[in-house]
Amino acid sequence: MKSAVKIALEVTKEQAVILDSQSKMANWLYNRLLERANDLRKRYRVSQDKEIGRTLYSERGLRDLIPNLKIEHPFLKAVYSSVLKNAALRLSKAIRDYQDGKHGRRANTVRWPKFRAWKRTWFSLQYDEPHKGFALCGRTLTLSLGKDAAGKQLALVLELAEMLPPWVNHQHIRQCRIVKEGHLYSVIFTVERQLPNGKPLSPSKIVALDPNHKNFAYAVGSDGKATEIHNPYFLKSFDKRIDRLKSKRDHCKKKAHLITRADGSQFWLPSKRWLMLNNRLQDVLRKRRDQTKQFLFTVANRLSHDYDAVGVGDYVPHGGGISKKMRRSMNNRSLNGRFKQVMAWVALRSGKQYLEWEEGGSTRTCHDCGFVVQGGIPVEVREWDCPNADCLRHHIRDENAARNGLTRTLRALALPCSGRREVTSRRAWRFNGLGLTSGVR
Ligand SMILES: [Zn+2]
């Protein structure tokens, strides 16, 4: 099971300059390779040359261009090899995602990659091989950079703002990524977690969840039970109250009185009404947080109680009009994003397994015969019939996706996964503020 730990870095001005320049060079390489890819794409359209196709569309084709680029542009040698390699892999992944969309293997919303502006988004530095290029000792993180003109290996020694959480064993750190948000630098470690007392898995006690727009999630277990987990009813009413309070508050003067402190400095004191409304707003926000947390823990506890392993679809909202920034915040703050954190924690605590399965194609693929509906199934279609004349099976949209998810979950757990996952009974879970009520779907 993989999880990520993010810790702030204490970075001096000189170190920030070095990190920025590493990021700039990786960003430069990405753009340089994209320029090449754009050119190759034009040529491929004309010639259909296999060699060009391999460079452009294979997983590692662009990466193989790096050694020659290093000769042409020796400054690249100042960056660690896996960081450069990763810039190429990221571009190849973006191109392959675009191709998958074009050929109906995933939602057709992915655009051909664009040039990246370093000033807008800091290019993260990814060290993706275990124990290579980075070393952690206590709070000291040593990063290998590239080599200087004389061929001497360069390194950067950074301090973590805090220790790693106690459950992280240094031996289990797989990857290390340096990111910058605002002025803050952080490191994200990807950690392979060991289960506390790895209980043996019972093949009939595995469940897969398909998170979706309409409901919280749809679950299908290897025990044949299908469960529609409803979004908590209270969220909507809280959101209405929050919007009302916000608009009332924002009608009041925030800058009501200019106060001068004894030392001569000044600040604005909001009006009494603004403060009162703001307090009420904070109160509602806090209640919303508490109830949401209770809902998430209740669902996670129940699943952990009923099953040995829980697989959750790696749902990423996408579609028209959603910017990268919006998508990120949706992911981080959405109920589903938080549920994954809670579920992972509850599973770990109770010696159960938590994992994520890749959702790509799970909705459009008929679980029973494997037929893939080209162009996907529109969101508003909740039930459909398999168009394959030999199958014609009637599907509940989310149930079909969750059944595919269950197969993928079983496969990831190295359990038998051939054949179909059948549903023998259906139910619905609703959260009533205290616990889950189980009813008919
Ligand atoms: Zn079918």
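Treat the numbers as computed from the prediction; the structure is a model and nothing was measured. (Residues numbered from 1 in each chain as written. Predicted model: local features only at pLDDT ≥ 70, side-chain atom pairs only at ≥ 80, totals over all residues. Heavy atoms only, no water.)

Scanning the protein chain from terminus to terminus reveals 9 helices and 18 strands. For the protein chain, the C-alpha atoms occupy an extent of roughly 75 × 70 × 50 Å along the three principal directions. For the protein chain, the proportion of its 441 residues judged to be buried stands at 45%. Across the protein chain, every contact between residues at least 6 apart in sequence was considered, and the portion connecting residues at least 24 apart equals 64%. As displayed, the protein chain has an accessible area near 24200 Å², and 52% of this comes from carbon and sulfur atoms. (Helix = DSSP H or I, 4+ residues; strand = E, 2+ residues; numbered from the N terminus. Buried < 20%, exposed > 50% of the residue type's maximum accessible area, 1.4 Å probe, protein only. Contact = heavy atoms within 4.5 Å. Areas by Shrake-Rupley, 256 points an atom, 1.4 Å probe, with all protein chains shown as cover.)

Now for a nonpolar patch on the surface. Nonpolar side chains collect at one region of the surface, where F267, L269 and L275 lie side by side and expose about 220 Å² of accessible area between them. In this structure, L269 sits in strand β12 (residues 266-269). For L269, a relative accessible area of 34% puts it in the partly exposed group. (Patch = residues over 30% accessible without salt bridge, like charges linked within 9 Å, V, L, I, M, F, W, Y side chains within 5 Å. Salt bridge = Lys/Arg side-chain N within 4 Å of Asp/Glu carboxyl O.)

You can see T227 is positioned in strand β10 (residues 225-229). Within the local environment of T227, its side chain forms a polar contact with the side chain of R427, the two groups lying 2.9 Å apart. In this view, T227 contacts A217, Y218, A219, R427 and W429; residues no more than four positions away in its chain are not counted. (Polar contact = N/O pair within 3.5 Å; in protein donor to acceptor, adjacent residues only side chain to side chain.)

Once that is clear, we can look at the pattern of salt bridges. Applying the stated criterion to the full structure yields 27 salt bridges. A salt bridge links K180 to D20; the nearest nitrogen and oxygen atoms lie 3.7 Å apart. Pair noted here: K180 is in strand β6 (residues 173-181) and D20 is in helix α1 (residues 13-47), with a separation of 160 residues, a long-range link. Residues R54 and E51 are paired through a salt bridge, measuring 3.7 Å at the closest nitrogen-oxygen approach.

Bound to the zinc ion on the protein side are C366 (SG), C369 (SG), C386 (SG) and C391 (SG), at distances that span 2.2 to 2.4 Å. In the primary structure, the donors to the zinc ion are separated according to the pattern C-x2-C-x16-C-x4-C. Taken together, the positions of C369 in the loop between β14 (353-357) and β15 (383-385) and C386 in the loop between β15 and β16 (394-396) put the pair 17 residues apart, joining distant regions of the chain. According to the relative accessible area criterion, C369 is partly exposed, its value standing at 33%. Look at C386 and you get buried, because its relative accessible area is 1%. (Donors = N, O, S within 2.8 Å, 3.2 Å for Na, K, Ca; no water.)

The strand order across the open sheet built from 7 strands is β14-β13-β8-β9-β10-β17-β18, with neighbouring strands paired in mixed fashion. Strand pairing shows two members of the sheet lacking a second neighbour, β14 and β18 (436-439), which therefore form its edges. Between one strand axis and the next, the sheet turns through 25° on average, direction left out of account. Running over the sheet, helix α8 (residues 335-349) touches β8 (206-211), β13 (309-313) and β14 and is turned about 145° from β14. (Pairing = 2+ DSSP bridges. Axes fitted to C-alpha atoms, helices over the stretch in contact; angles between N-to-C directions.)

This part is about the nonpolar core. Judged by nonpolar contacts, the single largest core of 54 residues is most densely connected at L19, Y127, L141, L143, I178, V187 and F189. Of all the elements, α1 adds the most residues to this core, at 10 residues. Those residues in contact with L143, other than ones at most four positions away along the chain, are L19, Y127, G133, F134, L154, A155, L156, L158, C176 and I178. Grouped together as the second largest cluster of nonpolar side chains are 35 residues, L209, F238, F295 and W429 included. (Core = buried A, V, L, I, M, F, W, Y, C linked by side-chain atoms within 4.5 Å.)

Here we take up unusual backbone geometry. Phi at Q48 is positive, roughly 55°, even though this residue is not glycine. You can see Q48 is positioned in the loop between α1 and α2 (50-57).

The next subject is a positive patch on the surface. A surface patch of like charges, here positive, comprises K236, K240, R241, R244, K248, R273 and R280. Among the secondary structure elements, those contributing two or more residues to the positive patch are α5 (234-251) and α6 (272-306). With 5 residues, α5 is the single largest residue contributor to the positive patch. Mapped onto the fold, K248 is located in helix α5. (Lys, Arg positive; Asp, Glu negative; His and termini not counted. Charge placed at Lys NZ, Arg CZ, Asp CG, Glu CD.)

Once that is clear, we can look at the sheet that holds strand β1 (residues 2-10). Strand order in the open sheet formed by 7 strands is β2-β6-β7-β1-β5-β4-β3, with antiparallel pairing between adjacent strands. With partners counted over all chains shown, the strands left at the sheet margins are β2 (125-127) and β3 (134-137), one partner each. Across the sheet, the mean angle from the axis of one strand to that of its neighbour is 30°, orientation sign disregarded. Where strand β4 (residues 140-147) meets strand β5 (residues 153-160), 6 bridges bridge the pair, whose relative direction is antiparallel. Of the residues in β5, the one forming a bridge with K147 is Q153. On top of the sheet, α1 reaches β1, β2, β4, β5, β6 and β7 (184-192); it is set at about 120° to β5, its chief contact.

Compared with an ideal rise of 1.5 Å per residue, which puts 22 residues at 32 Å, helix α4 (residues 81-102) spans 32 Å between its outermost C-alpha atoms and is within 8% of the ideal. Remark: G104 follows α4 within two positions and exhibits a positive phi of approximately 75°. (Expected span 1.5 Å × (residues − 1).)

At their nearest, the axes of α1 and α4 sit 9 Å apart, and the two run at 40° to each other. On the basis of the axis angle, α1 is oblique to α4. For the pair α1 and α4, the sense of crossing is right-handed. Contacts between α1 and α4 pair A26, L29, Y30, L33, L34, A37 and R41 from the former with V83, L84, A87, A88, R90, L91, A94, I95 and Y98 from the latter. Taken together, the residues of the contact of α1 with α4 break down into 14 nonpolar, no polar and 2 charged. (Parallel < 35°, antiparallel > 145°, perpendicular 65-115°, else oblique. Left-handed = near helix turned anticlockwise from the far one by under 90°. Nonpolar A, V, L, I, M, F, W, Y, C, P; charged D, E, K, R; others polar.)

Any functional reading would require information that these geometric values do not contain.
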